[in-house]
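Letter by letter, the chains look like this.
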Amino acid sequence: MKLRADFVQLYRDVHSWVGIIAGLFLFVAFYAGAVTMFEEPLQSWASGPVALPPPVSLERTPELLQKALAAHPEARTDYTIAVTPEDAQRGRLTWDGSGGQVHHAPTQVMAAGLDAEGNLVVVPKTPSDAARFVDVLHQQVGLPLPHTPAMILMGIVALLYAIALVSGVIAYLPALVKTLFAVRLGQSVRKRWLDLHNLLGLFSLPFHLVMAISSVVFAFHGQIFALEHLLFSAPVAGRHGGMQGGRHGGGPGPADHGPGGGRDAQSAASVTSAAGASAPVVPGLPPVLPPVLAPTDILALVTRQAPGFVPEVLNYMQLGHGKDVVRVFGYDARYPTRGPTGGFMVLNSRTGAVQSGEYMPGHQPAKFAILTSFFALHFGSFGGTPVRWGYVVLGLAGAFLFYTGNQLWIVSRRRRERQSGDVVETRGTRLLAALTTGCTTGCVAGISAVFCAVPVLPFGGTYGAVSAVYYSVFCLFVGAAFCLPGQRGIRLLLGAAGGVTACVPLMLSLHGAHLLRTPEGLGVAGMAALLSAFLFAGAVKHTREI
């Protein structure tokens, strides 16, 4: 069916104006989102190792726990045991060292180990906030606002993003069939930006649709998850904390909903029935509770309940009244996950009874598995390393898509102004051109500057410090874009952003040689080197706009 010409023009106008309004915010979201695919290795590098003895074996962990909790009883309410050797290098046993106080000081984690003589060694560790800042930057589309209003504005931007996608498909898809692969690089600037924009937009359309819809969900997740639990959850006592490590807050925590949906339903039921096996309560006396299960016992239970699930972290939480739990975080490469890097199951830490399996990959009820698939499509938490690299490429291509859209509007606007006889471009055109150049190069240079500054910032960079670095660089580039308009300013800012980005692999090699020995670290360094080369090439080859 062929649309009327006036309808097509209406959709084109909607696509252009909505895209212009949301484009700069989306550039920041997509570029920072591509960087967050390397969040774990960057966090590990920025925080640095702790000066602890070699981690004790899991069999000796109860001895470590006994000594640590005797010396630091405040850790009993919430402590973490690392299962995998990679995590154990950062401390087999850790807990929050802030004492639960809400303050603006850097978050401190206490890490414990045993020396060769069996003596307790406890050292404080302040994790870097550099990687977390980039994650928040991605979530809040670059807005330096409190989280709640920033997320509301992000939701509005995501809605505009979805409108731009739909209107663009309706307006331009019929014409794209004829010129799909016709990238006219040697012709006018307008045709070059148009062809690149159309090519990127069409082939990444499914990815962008997923990002737009899921971003709306994340922006209004409070209301959505309240409705989810109202519809799906049974009223069972013992609700507890939310999903740890989710890049978008992850929503509310799992509730205690009975068996976790293990492969053997009979075994799951028998484990759940152990919840009632606690010691009897004598009137007038406090209940006598069984001891907390050792990590090896917890891992054995998990192995029986979920073959194929790889535990990485055990988080013990003391909730009181015999409802103490342990959250077993890990992954199963065969299934998508609710979080960006894995899922978890919840056990009673004293009886081993399964409390919740709603967030455990491969063992969820159908209604939660559907929601998990939705999250996994946003995070790229399925398919392993190839999918994560694909999301890096799609994220960077998406950022370039929004840049080309703005450049296409600017070039077309200038051409119309010249055809109408205007000698000097209008204020609106100058404003958008400066913002496009300043915001895009400022975002790239700001994120690169954050990781270049990590080795010289105290504690690898507190949130306030890395925020100050990013926004100082960002504002500097935006100001320079207004002070140096035209081709000279574009070339200077592209070259400056390329120079800062080229320093990232240099800093990694000087201060993080251990990271470069991993595939993820090499990927970070290689991607930074390619981006810097791309920016330098753009500065050298940028032609005069017509």
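Structure: see above.
Basis of the calculations
- Residues numbered from 1 in each chain as written.
- Predicted model: local features only at pLDDT ≥ 70, side-chain atom pairs only at ≥ 80, totals over all residues.
- Heavy atoms only, no water.
- Helix = DSSP H or I, 4+ residues; strand = E, 2+ residues; numbered from the N terminus.
- Buried < 20%, exposed > 50% of the residue type's maximum accessible area, 1.4 Å probe, protein only.
- Contact = heavy atoms within 4.5 Å.
- Areas by Shrake-Rupley, 256 points an atom, 1.4 Å probe, with all protein chains shown as cover.
- Pairing = 2+ DSSP bridges.
- Axes fitted to C-alpha atoms, helices over the stretch in contact; angles between N-to-C directions.
- Salt bridge = Lys/Arg side-chain N within 4 Å of Asp/Glu carboxyl O.
- Core = buried A, V, L, I, M, F, W, Y, C linked by side-chain atoms within 4.5 Å.
- Parallel < 35°, antiparallel > 145°, perpendicular 65-115°, else oblique.
- Left-handed = near helix turned anticlockwise from the far one by under 90°.
- Nonpolar A, V, L, I, M, F, W, Y, C, P; charged D, E, K, R; others polar.
- Patch = residues over 30% accessible without salt bridge, like charges linked within 9 Å, V, L, I, M, F, W, Y side chains within 5 Å.

A. Representation of the overall build of the chain within the structure. Within the chain, the secondary structure is distributed over 17 helices and eight strands. Within the chain, buried positions represent 49% of all 546 residues. Nonlocal contacts in the chain, meaning residues at least 24 apart in sequence, comprise 68% of its contacts between residues at least 6 apart. Here the chain has roughly 25300 Å² of accessible surface; of this, 66% comes from carbon and sulfur atoms.

B. Summary view of the sheet that holds strand 6 (residues 325-331). The eight strands lie next to each other as 4-3-2-1-5-6-7-8, forming an open sheet whose pairing is antiparallel. The sheet terminates laterally at strand 4 (120-125) and strand 8 (354-356), the two strands that pair on one side only. Each strand of the sheet is rotated relative to its neighbour by a mean of 25°, with strand direction disregarded. Bridge count between strand 1 (residues 78-82) and strand 5 (residues 310-317): five bridges; the pairing is antiparallel. Bridge pairing links Ile 81 to Leu 314 in strand 5.

C. Just the pattern of salt bridges, in detail. Under the definition given, this model contains six salt bridges. Between Arg 60 and Glu 63 there is a salt bridge, and its shortest N-O distance comes to 3.2 Å. Since its relative accessible area comes to 35%, Arg 60 is described here as partly exposed. When the shortest N-O distance is used, the salt bridge between Asp 332 and Arg 334 registers 2.7 Å. With a relative accessible area of 3%, Asp 332 lands in the buried category.

D. Expanded view of the nonpolar core. Core analysis: the biggest nonpolar cluster contains 71 residues, and Tyr 31, Ile 447, Phe 451 and Tyr 470 have the highest contact counts within it. Considering each element in turn, this core owes the most residues, eleven residues, to helix 14 (residues 427-453). In this structure, Tyr 470 is in contact with Val 28, Phe 133, Leu 137, Gly 442, Cys 443, Gly 446, Ile 447 and Val 450, ignoring residues within four places of it in sequence. In this structure, Tyr 79, Leu 93, Val 302 and Val 326 belong to the second largest nonpolar core, which totals 28 residues.

E. How the structure looks around the packing of helix 5 (residues 130-139) against helix 14. Where helix 5 contacts helix 14, the two axes come as close as 10 Å, and the packing angle between them is 165°. Here helix 5 lies roughly antiparallel to helix 14, going by the angle between them. Between helix 5 and helix 14 lies a crossing whose hand is right-handed. Here Ala 130, Ala 131, Phe 133, Val 134 and Leu 137 of helix 5 come into contact with helix 14, specifically with Ile 447, Val 450 and Phe 451. Tallied by class, the residues present in the contact of helix 5 with helix 14 amount to eight nonpolar, no polar and no charged.

F. Unusual backbone geometry, seen in detail. For Val 141, which is not a glycine, the phi torsion comes out positive at approximately 45°. Summarising the element assignment, Val 141 is placed in the loop between helix 5 and helix 6 (147-176). The backbone phi angle of Phe 459 is positive, close to 60°, even though this residue is not glycine.

G. Just the pairing of strand 2 (residues 93-96), in detail. Both strand 1 and strand 2 contribute to a ladder of three bridges, which runs antiparallel. Along strand 2, the bridge assignment pairs Tyr 79 with Trp 95. Note that strand 2 and strand 3 (residues 109-114) share four bridges and pair antiparallel. Following the sheet pairing, Asp 96 is matched in strand 3 by Val 109.

H. Representation of the pairing of strand 4 in the model. Bridge analysis of strand 3 against strand 4 gives six bridges, and the strand direction is antiparallel. Looking at the pairing, Val 109 lines up with Lys 125 of strand 4.

I. How the structure looks around a nonpolar patch on the surface. Residues Leu 145, Ile 152, Leu 153 and Ile 156 make up a contiguous nonpolar surface patch of roughly 310 Å² in combined accessible area. Its location among the elements puts Ile 156 in helix 6. Classification of Ile 156 by relative accessible area gives partly exposed; the value is 41%.

J. Geometry of the packing of helix 5 against helix 15 (residues 463-483). Between helix 5 and helix 15, whose axes approach to 9 Å, the crossing angle comes to 60°. Taken together, the axes of helix 5 and helix 15 lie oblique to each other. The crossing of helix 5 and helix 15 is right-handed. When helix 5 is examined against helix 15, the residues Ala 130, Arg 132, Phe 133, Val 136 and Leu 137 are found in contact with a partner set consisting of Tyr 463, Val 466, Ser 467, Tyr 470 and Tyr 471.

Honestly, it's all geometry; don't read function into it.
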